[in-house]
Amino acid sequence: MNENKQMSSYSAAVVLLHGSGASGKDMELVFASLTKNAAVAHIKFVFPTAPTRAYTLAGGMKLPVWFDRDRLDLRCKEDDSGIADSIAKSASSMNLPRSPSTIAVVEVVKSLESEGIPQARIVVAGFSMGGCLALYIHQALPQLAGCFTIGSFLPSASRLFKNTDSDGKADSKLRSPLLMLHGIHDSMIRPAWATATR
């Protein structure tokens, strides 16, 4: 182990991913109000911001989004290259400054590990589109402590569903605990879509 490496005073971490058009700062403000009375001093919270890219659902306007969507329903296509970029591309290859708010999510996890927080003590979570990305990361990093989503769904033809057995149960390699939360009055992401994803 490199003795010059700065070790974290935290023993666990949560990486929270925002929804389309929002930012890490938005998630930080919301989450701060939810945890103000909680005993979470040992947990490091990280709120990355998605790269700005053209977003089809906003008429091609450039917004901070984790990937593109051609429609907002179960029949939407997966943006494999956008998802791969958000999961694994480094900040330098995207010509972005190296900061926690702009580097790709796997790099955030690797950075936390270099601070001394093992993957088994890191949870990746997200709201809406960020929750969708968290589901992909949950599959990509099987040693994570867990994953939770709020108001999220996967397309019905998602490649993630190929990792189930004939009974529809998740492959045993699929990992750490998963919690999916969804409000029954969500007018944007229908509760039935979240149920279909589970």
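Our structure is the block above this text.
Here goes a summary of the coordinates provided. Just so you know, these numbers come straight off a predicted model, no measurement behind them.

**A short note on the overall build of the protein**
Scanning the protein from terminus to terminus reveals five helices and seven strands. The order of α-helices and β-strands along the protein, N terminus first, is β-α-β-β-β-α-α-β-α-β-β-α. Counting only residues that meet the buried cut, the protein has 44% of its 198 residues in that class. The contacts of the protein with a sequence gap of at least 6 include a subset with a gap of at least 24, amounting to 59%.

**Points about the side chain of Arg53**
Examined against the element boundaries, Arg53 turns out to sit in strand E3 (residues 52-55). Each residue touching Arg53, except ones within four places of it in the same chain, is listed here: Met61, Lys62, Leu63, Val65, Trp66, Phe67, Gly82, Asp85 and Ser86.

**Observations regarding the nonpolar core**
Leu17, Leu133 and Ile137 are the most contacted members of the largest nonpolar core, which totals 33 residues. Taken together, the elements giving at least two residues each to this core come down to strand E1 (12-17), helix H2 (80-88), helix H3 (105-114), strand E5 (122-127) and helix H4 (129-140). Sort the elements by how many residues they give to this core and H4 lands first, with seven residues. Leaving out residues up to four positions away in the same chain, Leu133 has contacts with Leu17, Trp66, Phe67, Ile83, Ser86, Ile87 and Val105. Counting eight residues, the second-largest nonpolar core is a separate cluster that includes Leu16, Met27, Phe31 and Ile43.

Criteria and thresholds
- Residues numbered from 1 in each chain as written.
- Predicted model: local features only at pLDDT ≥ 70, side-chain atom pairs only at ≥ 80, totals over all residues.
- Heavy atoms only, no water.
- Helix = DSSP H or I, 4+ residues; strand = E, 2+ residues; numbered from the N terminus.
- Buried < 20%, exposed > 50% of the residue type's maximum accessible area, 1.4 Å probe, protein only.
- Contact = heavy atoms within 4.5 Å.
- Core = buried A, V, L, I, M, F, W, Y, C linked by side-chain atoms within 4.5 Å.

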